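Each chain is listed here by its residues.
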Amino acid sequence: MARRIDVTGAGGVRLTAWEFGDPPKGDPGPVDGPERDRGAGVLLLHGLMGRASHWAPTARWLSGRHRAVALDQRGHGRSEKPPRAASYTREAYVEDAEAALEQLGLAPAVVIGHAMGALTAWQLAAKRPDLVRGLVICDMRASALGAASQREWADWFRTWPLPFATLADVRKWFGEDDPWVERPNPSRGAFYAEVMQEAADGWRPVFEPEQMLRSRETWVYDAHWEELAQVRCPTLVVRGLDGELGRAEAQEMVRVLPRGEYAEVADAGHLVHYDQPEGWREAVEPFLDGVLTG
């Protein structure tokens, strides 16, 4: 089961968090106000194109021993989607995660982030080391990506054949027909089907593509090595062998991190945790056991 919990983020933005797995017996599990500790906490932060439900498989195996909560970040999933560009700053995303940890009673927690969510996670860990006891960075680069990358994303959004007539069409386009797909990838199709909702004219994303570009432009032009070096907690850098984070850069990130470790997942692309859930668990679980039970 997934239990919905409301969180108030930066600027009063309404956020939705999801706790996967059953609360322990005898615990009523209040949904309003700070929650009392039910074991070591884990906060899961999705990437730019994701939503909290993408973490469900990870959160469920975590919930056997820990309290795992996934956050729909602003502009995503069931969380509020502020219309103003100024609402999608790096500071706002970090403050949202900070608020979630405090309001959910998870801190000090391990924060696991994918792509943009990983950047939010390490910026939070640098800003508030008291809230973060461990960090997992999944397929996110510390180097600046630049204007060309932002133009590619804007062009990519324009290729989407919106609206999709059916979810099957969504799965086929993102898994096979998308110009960014090098070979058929059913898990990628399923990933994007999960961020679609039915509208009057067909299936459309639960986010506004323009808002996603606004979010991305707040970090894509800058390098983030200095913030990475400020992370003092144990940190695992995970990459898929076919992902966006190259091995050399990942290993340099580990070197820059004061307490960095490295892992890679075979046969995985950018969507490591979704693409290869068993390999992802094998890479991450020993690290988490050491941080959360050590």
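Remember, predicted model here, so these are calculated numbers, not experimental data.

Engineer: Which residues make up the pairing of strand S4 (residues 67-72), and what values do they have?
Structural biologist: Counting buried positions along S4 gives six out of six residues, so the element sits mostly inside the fold. Of the two faces of S4, the one lined by Arg-67, Val-69 and Leu-71 and the one lined by Ala-68, Ala-70 and Asp-72 are each fully buried. Pairing between strand S2 (residues 14-20) and S4: four bridges, direction antiparallel. The residue of S4 that forms the bridge with Glu-19 is Val-69. Here strand S3 (residues 41-45) runs beside S4; their pairing, made up of five bridges, is parallel. Paired with Gly-41 across the bridge in S4 is Arg-67. Running through helix H1 (residues 56-62), the crossover from S3 to the neighbouring parallel element S4 is right-handed.

Engineer: I'd like a rundown of the layout of surface pockets, residues and numbers included.
Structural biologist: Taken as a whole, the largest pocket encloses approximately 980 Å³ of empty space. Around the largest pocket, the lining is made up of 36 residues, and of these Arg-188, Asp-242, Glu-244, Gly-269 and His-270 lie nearest the centre. Every element with two or more residues in the lining of the largest pocket is listed here: helix H4 (146-159) and helix H6 (186-193). With four residues, H4 is the single largest residue contributor to the lining of the largest pocket. The residue inventory of the lining of the largest pocket, partitioned by class, reads 16 nonpolar, nine polar and eleven charged.

Engineer: Tell me about the packing of aromatic side chains, and name the residues and values.
Structural biologist: By the definition in use, this model includes 18 aromatic pairs. Between Phe-174 and Tyr-192 the ring centres are 4.3 Å apart and the planes differ by 10°, which places this aromatic pair in the stacked class. Separated by 18 residues along the polypeptide, Phe-174 in helix H5 (residues 167-177) and Tyr-192 in helix H6 bring together distant segments of the chain. Among the aromatic residues, those joined into a cluster by ring pairs are Trp-153, Trp-156, Phe-157, Trp-160, Phe-164, Trp-173, Phe-174, Trp-180, Phe-191, Tyr-192, Phe-207 and Tyr-274.

Engineer: Could you give an account of the nonpolar core, with specific residues and numbers?
Structural biologist: Judged by nonpolar contacts, the single largest core of 68 residues is most densely connected at Met-49 and Trp-122. Examining the composition of this core, we find that eight residues originate from one element, helix H3 (residues 116-127), more than from any other. If sequence neighbours within four positions are ignored, Met-49 has contacts with His-54, Trp-153, Trp-156, Phe-157, Trp-160, Phe-191, Tyr-192, Val-195 and Phe-207. Counting residues in each nonpolar core, the second largest holds 30 residues, with Ala-52, Ile-112, Val-238 and Trp-280 among its members.

Each value, and the rule that gives it
- Residues numbered from 1 in each chain as written.
- Predicted model: local features only at pLDDT ≥ 70, side-chain atom pairs only at ≥ 80, totals over all residues.
- Heavy atoms only, no water.
- Buried < 20%, exposed > 50% of the residue type's maximum accessible area, 1.4 Å probe, protein only.
- Helix = DSSP H or I, 4+ residues; strand = E, 2+ residues; numbered from the N terminus.
- Pairing = 2+ DSSP bridges.
- Right-handed = clockwise from strand over helix to strand, strands pointing away.
- 1 Å grid on protein atoms, 1.4 Å probe; cavity = no way out; pocket = protein on both sides within 12 Å on 5 of 7 lines; lining within 4 Å.
- Points joined across faces, edges and corners; volume = space filled by probe spheres on them.
- Nonpolar A, V, L, I, M, F, W, Y, C, P; charged D, E, K, R; others polar.
- Phe/Tyr/Trp six-rings, centres within 6.5 Å; stacked < 30°, edge-to-face > 60°.
- Core = buried A, V, L, I, M, F, W, Y, C linked by side-chain atoms within 4.5 Å.
- Contact = heavy atoms within 4.5 Å.

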